[in-house]
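Residues per chain are reported as follows:
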Amino acid sequence: AAKDSGRDMVHVYRVDDAEIAEKYRQMQWLPRIKEAIKNNEFELALQSVESLNDNNSPKIIYEFLLRWPQEDGSLISPGLFIPTAERYDLMRELDGWVIENALAAAARLKTELQYPADQMYTINLSGQSVCDPALADFIIAMLRRFDVDPQNICFEVTETVAIANFSTAI
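Residues numbered from 1 in each chain as written. Predicted model: local features only at pLDDT ≥ 70, side-chain atom pairs only at ≥ 80, totals over all residues. Heavy atoms only, no water.

**Notes on the packing of helix α4 (residues 91-111) against helix α6 (residues 135-146)**
Helix-helix packing is described using two parameters, namely the angle between the two axes and the distance between the axes.
Item 1. Put simply, α4 and α6 touch, their axes get as near as 9 Å, and they point 25 degrees apart. One finds that α4 runs roughly parallel with respect to α6. Seen along the crossing, α4 lies across α6 with a hand that is right-handed. Contact with α4, carried on its side by Gly96, Ile99, Glu100, Leu103, Ala104 and Ala107, involves Leu135, Phe138, Ile139, Met142, Leu143, Arg145 and Phe146 of α6 and no other residues of that element.
Item 2. Broken down by class, the residue content of the contact of α4 with α6 amounts to 10 nonpolar, 1 polar and 2 charged. (Axes fitted to C-alpha atoms, helices over the stretch in contact; angles between N-to-C directions. Helix = DSSP H or I, 4+ residues; strand = E, 2+ residues; numbered from the N terminus. Parallel < 35°, antiparallel > 145°, perpendicular 65-115°, else oblique. Left-handed = near helix turned anticlockwise from the far one by under 90°. Contact = heavy atoms within 4.5 Å. Nonpolar A, V, L, I, M, F, W, Y, C, P; charged D, E, K, R; others polar.)

Here is the structure:
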């Protein structure tokens, strides 16, 4: 906790220390996330993104959202496990899973369900992935593997990530 607070910091432990409790909770998630990636336990949900304006645009954009279903049928919210994945440098692996499976799904939607060939899909990327020099090559390989037109894919990154890593993001 002291190290995370910055240089030359001291952290005094207390039994009711929320910061230490959060770090402990994150450490409990770590092996579960690794196992879920390894065992392909995640799923993608497809959510439509529609304009609130009546602009008569025939095109609906779909966003791929990560879901982690449990044996009891419940879903673990990404808000619970993403902070741990970010802290322990698992986001590149998790984003890789999302990219591969989203592009595979986009290809299936076009061929099996006859979605329009120019259908737009968005995929969220973490800052860790955006900064990975191997990301572009991986995306290109997946686009080719699943025969998805790159003009139909939009990768979303937060403004903070884009500004902090401007040249890499571009």
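Moving on from the model shown.
**Overview of the pattern of salt bridges**
Item 1. Under the counting rule described, the total for this entry stands at 2 salt bridges.
Item 2. As a salt-bridge pair, Arg92 and Asp89 come within 2.7 Å of each other at their nearest N and O atoms.
Item 3. Measuring nitrogen to oxygen at the nearest pair gives 2.6 Å for the salt bridge that ties Glu100 to Arg145. Here Glu100 is found in helix α4, whereas its partner Arg145 is found in helix α6, with 45 residues between them in sequence.
Item 4. With a relative accessible area of 52%, Arg145 lands in the exposed category. (Salt bridge = Lys/Arg side-chain N within 4 Å of Asp/Glu carboxyl O. Buried < 20%, exposed > 50% of the residue type's maximum accessible area, 1.4 Å probe, protein only.)

**Here we look at unusual backbone geometry**
Item 1. The phi dihedral of Asn40 falls on the positive side, at around 60 degrees, and the residue is not glycine.
Item 2. Relative to the elements of secondary structure, Asn40 occurs in the loop between α2 (18-38) and β1 (43-49).
Item 3. One non-glycine residue, Asp89, adopts positive backbone phi at about 60 degrees.
Item 4. Following the sequence through the fold, Asp89 ends up in the loop between α3 (78-87) and α4.
Item 5. Look at Asp89 and you get partly exposed, because its relative accessible area is 43%.

**Considerations on the nonpolar core**
Item 1. Within the largest apolar cluster, 38 residues are counted, with the highest numbers of intra-cluster contacts made by Phe42, Phe81, Leu94 and Leu103.
Item 2. Excluding residues within four positions of it along the chain, Leu94 makes contact with Ile37, Phe42, Leu66, Phe81, Ile82 and Ala85. (Core = buried A, V, L, I, M, F, W, Y, C linked by side-chain atoms within 4.5 Å.)

**Some points on the packing of aromatic side chains**
Item 1. For the coordinates displayed, the defined rule picks out 7 aromatic pairs.
Item 2. With centroids separated by 5.1 Å and ring planes inclined at 90 degrees, the aromatic side chains of Trp68 and Phe81 adopt a geometry described as edge-to-face. With Trp68 in strand β2 (residues 61-69) and Phe81 in helix α3, this pair connects stretches of sequence that are 13 residues apart. Just as Trp68 is buried, Phe81 falls in that class too.
Item 3. Taken together, Trp29, Phe42, Trp68, Phe81 and Trp97 form an aromatic cluster joined through their ring pairs. (Phe/Tyr/Trp six-rings, centres within 6.5 Å; stacked < 30°, edge-to-face > 60°.)

**A short note on the pairing of β2**
Item 1. Bridge count between β1 and β2: 7 bridges; the pairing is antiparallel. Following the sheet pairing, Glu43 is matched in β2 by Arg67.
Item 2. As defined by bridge partners, β2 adjoins strand β4 (residues 120-124) across 4 bridges and the pair is classed as parallel. Directly across from Ile61, in β4, lies its bridge partner Met120.
Item 3. Alignment of β2 against strand β3 (residues 75-76), held across 2 bridges, turns out to be antiparallel. From the neighbouring strand, Trp68 faces β3, where its bridge partner is Ile76.
Item 4. Counting the residues between successive antiparallel strands, the hairpin from β2 to β3 contains 5 residues, one of them, Gly73, with a positive phi of roughly 95 degrees. (Pairing = 2+ DSSP bridges.)

**Description of the side chain of Ser126**
Item 1. With respect to the helices and strands, Ser126 occurs in the loop between β4 and α5 (127-130).
Item 2. Within the structure, the side chain of Ser126 is placed 2.8 Å from the side chain of Asp95, a separation counted as a polar contact.
Item 3. Once residues lying within four places of it in the same chain are set aside, the contact partners of Ser126 are Met91 and Asp95. (Polar contact = N/O pair within 3.5 Å; in protein donor to acceptor, adjacent residues only side chain to side chain.)

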